[in-house]
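Coordinate analysis (summary)
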Amino acid sequence: MKKLAMALLCLVSVAFFASCSKEGQPSISVLNEDGYVQDGAIVTLDEDINFGFVMTSSPDSEKELTKLVVKIDGVQWAEINLTGMKEYTYRETISYGDSKELIGESVITATVTDKAGEEATASITLYFEEVEVILIPEDFTWNRHGGNAATGNLAELGLQWTSNEKEIYAVIKPLQGAALYKFGAGRDIWSSTNTEAEKIALFQENLEPITEFKEISCTAADKDYDIVLGTVYNNQVNLIHITHSAAYTFKGTDVTITGQYK
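Now for a quick tour of the structure.

Within the chain, the secondary structure is distributed over three helices and 15 strands. Taken over 262 residues, the chain has a buried fraction of 40%. Across the chain, the fraction of contacts at a sequence separation of at least 24, relative to all contacts at a separation of at least 6, is 61%. For the chain, the exposed area adds up to about 14700 Å²; of that, 50% sits on carbon and sulfur atoms.

Next up, the structure:
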């Protein structure tokens, strides 16, 4: 409710600013049409957002417009040549996708310039409503044949499996720049973590990273597990549920580990 109150205050402020341009300046205001956001709108990251601006030459100088520059969070989005025009309506659609670097809001700014070099600016501040992202588990299969490095999506998850040790267990380690964790109460952790927010909260607990994981047998023909690992790699948080392994011997050992990740 606090954000909404602030948004309404901004809306009034910008509306006042747009209607009180100085003598000789062009005017610009936020486009007020159905389907187009207004300053202070509350939106979600994954929706298409229509926005626009309306601009006209100064009635005092009657100087033609020359250009419009639109910026989003300080980065230039568009530059429109308005040479010969005395009025113009700009319409655009943007989607922020799942941008995680956004912190609560985004500012769209439009500056129009006329032939005399006079400028006027209007802006739209958007506030983002958090969307609950449901996690969809995906299957994985890791296989290490003899002395080869393991195949599968380990590197995507920030992991590597290039060796086995005595007794014999698979040795799974984090890649450089990745952090590896092991969670207790495997199935409980896995089944109770169903949204992106829950997953991130899980990693915000006081966890100590581990340098390697070696609990998967390389000798058992078939074995079930209930082990949950976690990795943080390339700004991505991953939850990994190991549920089964199978091994057979030839001149060496072939081991397959399966489960799901989300």
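Back to the write-up after that little detour.
A general trend in soluble globular proteins is that nonpolar side chains are found buried together. Counting 26 residues, the largest nonpolar core has I28, F51, F53, M55, L68, I108 and L126 as the members making the most contacts within it. Broken down by secondary-structure element, the contributors of at least two residues to this core are strand 1 (27–30), strand 3 (49–56), strand 4 (65–72), strand 5 (75–85), strand 6 (87–94), strand 7 (105–114) and strand 8 (119–129). If one sorts the elements of this core by residue count, strand 8 sits on top with five residues. With residues up to four places along the chain from it excluded, the contact list for L68 reads I28, M55, A78, E79, I80, L82, Y88, Y90, A110, T111 and V112.

As summarised here, the arrangement of the five strands in space is 2-8-7-4-5, forming an open sheet in which the pairing is mixed. Strand pairing shows two members of the sheet lacking a second neighbour, strand 2 (42–44) and strand 5, which therefore form its edges. Looking at each pair of strands side by side, their axes are set apart by 25° on average, direction ignored. In terms of strand pairing, strand 7 meets strand 8 through nine bridges, oriented antiparallel. Bridging from a neighbouring strand, I108 pairs with I124 of strand 8.

A separate point is helix 3 (residues 196–203). Within helix 3, the full set of buried residues consists of E196, K199, L202 and F203. One side of helix 3 carries all its buried residues, which in axial view fall inside an arc of 120°. At its buried positions, helix 3 is contacted by strand 12 (179–183), helix 2 (186–192), strand 13 (222–233) and strand 14 (236–249).

A few words on unusual backbone geometry. Of all residues except glycine, most have a negative phi; of all peptide bonds, most are trans. I168 follows E167 through a cis peptide bond whose omega is -10°. In this structure, E62 takes a positive phi of about 55° despite not being glycine. Here E62 shows up in the loop between strand 3 and strand 4. Despite not being glycine, N234 shows a phi value in the positive range, around 50°. Among the structural elements, N234 can be located in the loop between strand 13 and strand 14.

Okay, the sheet that holds strand 3 next. An order of 1-3-6 is seen for the three strands of this open sheet, with the pairing classed as antiparallel. One side of each edge strand has no neighbouring strand; the edge strands of this open sheet are strand 1 and strand 6. Taking the axes of each pair of neighbouring strands and ignoring which way they run, one obtains an average angle of 15° across the sheet. With eight bridges joining them, strand 3 and strand 6 adopt antiparallel strand pairing. Bridged to M55 within strand 6 is Y88.

Each value, and the rule that gives it
- Residues numbered from 1 in each chain as written.
- Predicted model: local features only at pLDDT ≥ 70, side-chain atom pairs only at ≥ 80, totals over all residues.
- Heavy atoms only, no water.
- Helix = DSSP H or I, 4+ residues; strand = E, 2+ residues; numbered from the N terminus.
- Buried < 20%, exposed > 50% of the residue type's maximum accessible area, 1.4 Å probe, protein only.
- Contact = heavy atoms within 4.5 Å.
- Areas by Shrake-Rupley, 256 points an atom, 1.4 Å probe, with all protein chains shown as cover.
- Core = buried A, V, L, I, M, F, W, Y, C linked by side-chain atoms within 4.5 Å.
- Pairing = 2+ DSSP bridges.
- Axes fitted to C-alpha atoms, helices over the stretch in contact; angles between N-to-C directions.
- Arc of directions from axis to C-beta.

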